[in-house]
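Structural characterization, general
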Amino acid sequence: MVLFEKAPAKINLSLDVLSKRDDGYHNIEMIMTTIDLSDRIEFHELEKDRIKISLESRFVPSDERNLAYKAAALFKERYNIRAGVHIKIEKTIPVSAGLGGGSTDAAAVLRGLNRLWSLNLTLGELAELGAELGTDIPFCVFGGTGIATGRGEIVRPLPSPPPCWVVLAKPDIGVSSGKIFQQIKVDELDHPVNEKLLRALEENDFSMLCANLGNSLERITMGQHPQVRQIKEAMRQAGATGTLMSGSGPTVYGLIMQENKAHRIYNGMRGFCEEVFLVRLLG
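A few points on the structure. These numbers were taken from a predicted model, which means no experiment stands behind them.

Read across the open sheet, the four strands follow the order E9-E10-E7-E11; overall the sheet is antiparallel. The open sheet has two free edges, formed respectively by strand E9 (242-245) and strand E11 (275-280), since each of these has just one partner strand. The mean inter-strand angle of the sheet, taken between neighbouring strand axes irrespective of direction, is 20 degrees. Across six bridges, strand E7 (residues 165-170) lies against E11 in antiparallel orientation. In the sheet register, Trp-165 faces E11, and the bridge partner there is Arg-280. Sitting on the sheet, helix H9 (residues 226-238) is in contact with E7, E9 and strand E10 (252-256), with an inclination near 10 degrees to E10.

If you want it as structure tokens, here you go:
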């Protein structure tokens, strides 16, 4: 039996860090939405009880360090599955980019194995499992648009943003979320006003949405990688209505309503970095 799962990237419309927790994590409040930039996951059941990961990327391991492998191992252990699986990952989402590439692959593995082995688990149950592995995985299990709180494990669906174009530009660097979070001093952060962003989604107001995008981690990442700030400024000057760094970076995105302007900004950003994408919102 062969199954396929789509693993769409996410962007943060907001990312706020509220406090440090006793368990070492942070309490966060993130509003995220999925975009039409996806990895493709293929599943083949194996007779031998093993997990095999195949992918062509010199930046992503194919062994037990891979988050998709960890998701499969946890799933098999938790539900006492004795069959094996071969998981092929076709990568499109940039690595270490703030777009949830590893998390969405892991989420797709949980959904795919649920179908492959006919366990009929709910998305809520899969999200609970995913929360044991990573902050963004519960949201990625559900997809769409949502707000994640706690350390990311509590996800509530939200109305979709107005349909628009998204230009993504990733400089030729990788950013470790863990290292960025280690440097956080909560009382020194810029905190987005999520109430206004929530209202913009409820009222389907594109201008209000773009005016209230916010990411508490921007200042930290941009302090270490000035090119992220330069890309954001270039995208803003090129005419993107709303611009923001996604996640812990380094990818910057711009939201644009008009297709012609989106293509013009896309072409302009290709002069700044090699990895530039023009996609639509899925959320």
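Our focus in this paragraph is the pattern of salt bridges. Following the criterion strictly, the structure yields 15 salt bridges and no others. As a salt-bridge pair, Asp-39 and Lys-91 come within 2.6 Å of each other at their nearest N and O atoms. Of this pair, Asp-39 sits in strand E2 (residues 26-46) while Lys-91 is found in the loop between strand E4 (84-90) and helix H2 (101-116), placing the two residues 52 residues apart along the sequence. Here Asp-39 falls in the buried class, since its relative accessible area comes to 1%.

Direction of pairing for strand E5 (residues 145-149) relative to strand E6 (residues 154-157): antiparallel, over a ladder of four bridges. By the bridge assignment, Ile-147 is partnered in E6 with Arg-156.

Attention now moves to the side chain of Asn-12. Checked against the element boundaries, Asn-12 lands in strand E1 (residues 2-20). There is a polar contact of 3.4 Å between the side chain of Asn-12 and the backbone oxygen of Ser-14. Excluding anything up to four places from it in sequence, Asn-12 contacts Met-30, Ile-31, Met-32, Gly-98, Leu-244, Ser-246, Gly-247 and Tyr-253.

Where H2 contacts helix H3 (residues 123-130), the axes come no closer than 10 Å and their chain directions differ by 130 degrees. Relative to H3, H2 is oriented oblique. As for how H2 packs across H3, the hand of that crossing is right-handed. Mapping the contact onto sequence places Leu-110, Arg-111 and Asn-114 in H2 and Leu-123, Leu-126, Leu-129 and Gly-130 in H3. Residue composition of the contact of H2 with H3, grouped by class: four nonpolar, two polar and one charged.

Calculation rules
Residues numbered from 1 in each chain as written. Predicted model: local features only at pLDDT ≥ 70, side-chain atom pairs only at ≥ 80, totals over all residues. Heavy atoms only, no water. Pairing = 2+ DSSP bridges. Helix = DSSP H or I, 4+ residues; strand = E, 2+ residues; numbered from the N terminus. Axes fitted to C-alpha atoms, helices over the stretch in contact; angles between N-to-C directions. Contact = heavy atoms within 4.5 Å. Salt bridge = Lys/Arg side-chain N within 4 Å of Asp/Glu carboxyl O. Buried < 20%, exposed > 50% of the residue type's maximum accessible area, 1.4 Å probe, protein only. Polar contact = N/O pair within 3.5 Å; in protein donor to acceptor, adjacent residues only side chain to side chain. Parallel < 35°, antiparallel > 145°, perpendicular 65-115°, else oblique. Left-handed = near helix turned anticlockwise from the far one by under 90°. Nonpolar A, V, L, I, M, F, W, Y, C, P; charged D, E, K, R; others polar.

Functional significance is not addressed by these values, which are geometric in nature.
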